[in-house]
Amino acid sequence: LGESLTRRDVIERYVPYCQRMQEEGHDTLELLKPLAYLFHGLPETKRFRLIVNQSGKGKRDRTDDIRSIVDAAMDAVSPENLDAPILSREGPAEVGSENASPVDSAVSASMQAAEVEQASHIPEG
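As the structure is a prediction and not an experimental result, all values here were calculated from the model.

Criteria and thresholds
Residues numbered from 1 in each chain as written. Predicted model: local features only at pLDDT ≥ 70, side-chain atom pairs only at ≥ 80, totals over all residues. Heavy atoms only, no water. Helix = DSSP H or I, 4+ residues; strand = E, 2+ residues; numbered from the N terminus. Contact = heavy atoms within 4.5 Å. Areas by Shrake-Rupley, 256 points an atom, 1.4 Å probe, with all protein chains shown as cover. Core = buried A, V, L, I, M, F, W, Y, C linked by side-chain atoms within 4.5 Å. Buried < 20%, exposed > 50% of the residue type's maximum accessible area, 1.4 Å probe, protein only. pLDDT = per-residue confidence, 0-100. Phe/Tyr/Trp six-rings, centres within 6.5 Å; stacked < 30°, edge-to-face > 60°. Lys NZ or Arg CZ within 6 Å of the ring centre and 35° of its normal. Salt bridge = Lys/Arg side-chain N within 4 Å of Asp/Glu carboxyl O. Axes fitted to C-alpha atoms, helices over the stretch in contact; angles between N-to-C directions. Parallel < 35°, antiparallel > 145°, perpendicular 65-115°, else oblique. Left-handed = near helix turned anticlockwise from the far one by under 90°.

**Describing the overall build of the protein chain**
Working step 1: Across its full length, the protein chain carries six helices and two strands.
Working step 2: Counting helices and strands in the order they occur from the N terminus, the protein chain gives β-α-α-α-α-α-β-α.
Working step 3: Once local pairs closer than 6 in sequence are excluded, the contacts in the protein chain between residues at least 24 apart make up 69%.
Working step 4: Of the roughly 7,300 Å² that the protein chain leaves accessible, carbon and sulfur atoms contribute 50%.

Right, dumping it as structure tokens:
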């Protein structure tokens, strides 16, 4: 329970969910929105968000490969910010509470999606 999560951990757990949702027809930009808030308050937030949102014409094709988008965005962020602990394994502050930050909201959304993704691959038996 004392294990720390990094931004990289959250992103890596969230991407498989995004890929599955994209295959089901969900919008790429909407799926990736929570990730931008993981970098709230850091100078790299803008670069990460721009890569997620842009293509040659200003917006990414809504069917672009999520893994390649996320990899490009992660390349724009320093390893120190990707790998620094952002919160303890106990989890973020409850969304909507006084203590909840944009990072808490992003982590909550991403981790809930990752848990759903993992649960959907557990064999019944």
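**Digging into the nonpolar core**
Working step 1: Counting 24 residues, the largest nonpolar core has Ile11, Leu32, Leu35, Phe48 and Val70 as its most contacted members.
Working step 2: Taken together, the elements giving at least two residues each to this core come down to α1 (7–23), α2 (28–36), α3 (45–53) and α4 (66–75).
Working step 3: Among the elements that take part in this core, α1 stands out by supplying seven residues, more than any other.
Working step 4: Apart from residues no more than four positions distant in its own chain, leucine 32 is found in contact with Cys18, Val52, Ile66, Ile69 and Val70.

**Points about the confidence of the model for the protein chain**
Working step 1: Averaged over every residue, the pLDDT of the protein chain is 74; the share at 70 or more is 59%.
Working step 2: For the protein chain, helix α6 (residues 102–119) is the element with the lowest average pLDDT, namely 63, and helix α5 (residues 79–83) is the one with the highest, namely 92.

**Overview of the packing of aromatic side chains**
Working step 1: Inspection of the entire model under this criterion finds two aromatic pairs.
Working step 2: Taken together, a centroid distance of 4.6 Å and an interplanar angle of 40° make the contact between phenylalanine 39 and phenylalanine 48 tilted. Just as phenylalanine 39 is buried, phenylalanine 48 falls in that class too.
Working step 3: For the cation-ring pair, arginine 49 lies above tyrosine 37, with the distance from its terminal atom to the ring centre recorded as 5.7 Å.

**Some points on the pattern of salt bridges**
Working step 1: One pass over the full model with this rule turns up six salt bridges.
Working step 2: For glutamate 24, the salt bridge is made with arginine 20, and the minimal N-O distance between the two is 3.3 Å.
Working step 3: Linking arginine 67 and aspartate 71 is a salt bridge whose minimum nitrogen-to-oxygen distance equals 2.9 Å. Of the two residues, arginine 67 and aspartate 71 are both situated in helix α4; the distance of four residues between them amounts to about one turn of the helix.
Working step 4: In this structure arginine 67 comes out as partly exposed when scored by relative accessible area, which is 22%.
Working step 5: Residues participating in the shared-partner salt-bridge network are Glu12, Arg67 and Asp71.

**Quick look at the packing of α1 against α2**
The relative placement of two packed helices comes down to the angle between their axes together with the axis-to-axis distance.
Working step 1: In the contact formed by α1 and α2, the axes pass within 10 Å of each other and the chain directions differ by 165°. One way to sum up the angle between α1 and α2 is to call them roughly antiparallel. Two packed elements cross with a definite hand, and for α1 against α2 that hand is right-handed. Listed contacts from α2 to Ile11, Tyr14, Tyr17, Cys18, Met21 and Gln22 of α1 are Thr28, Leu31, Leu32, Pro34 and Leu35.

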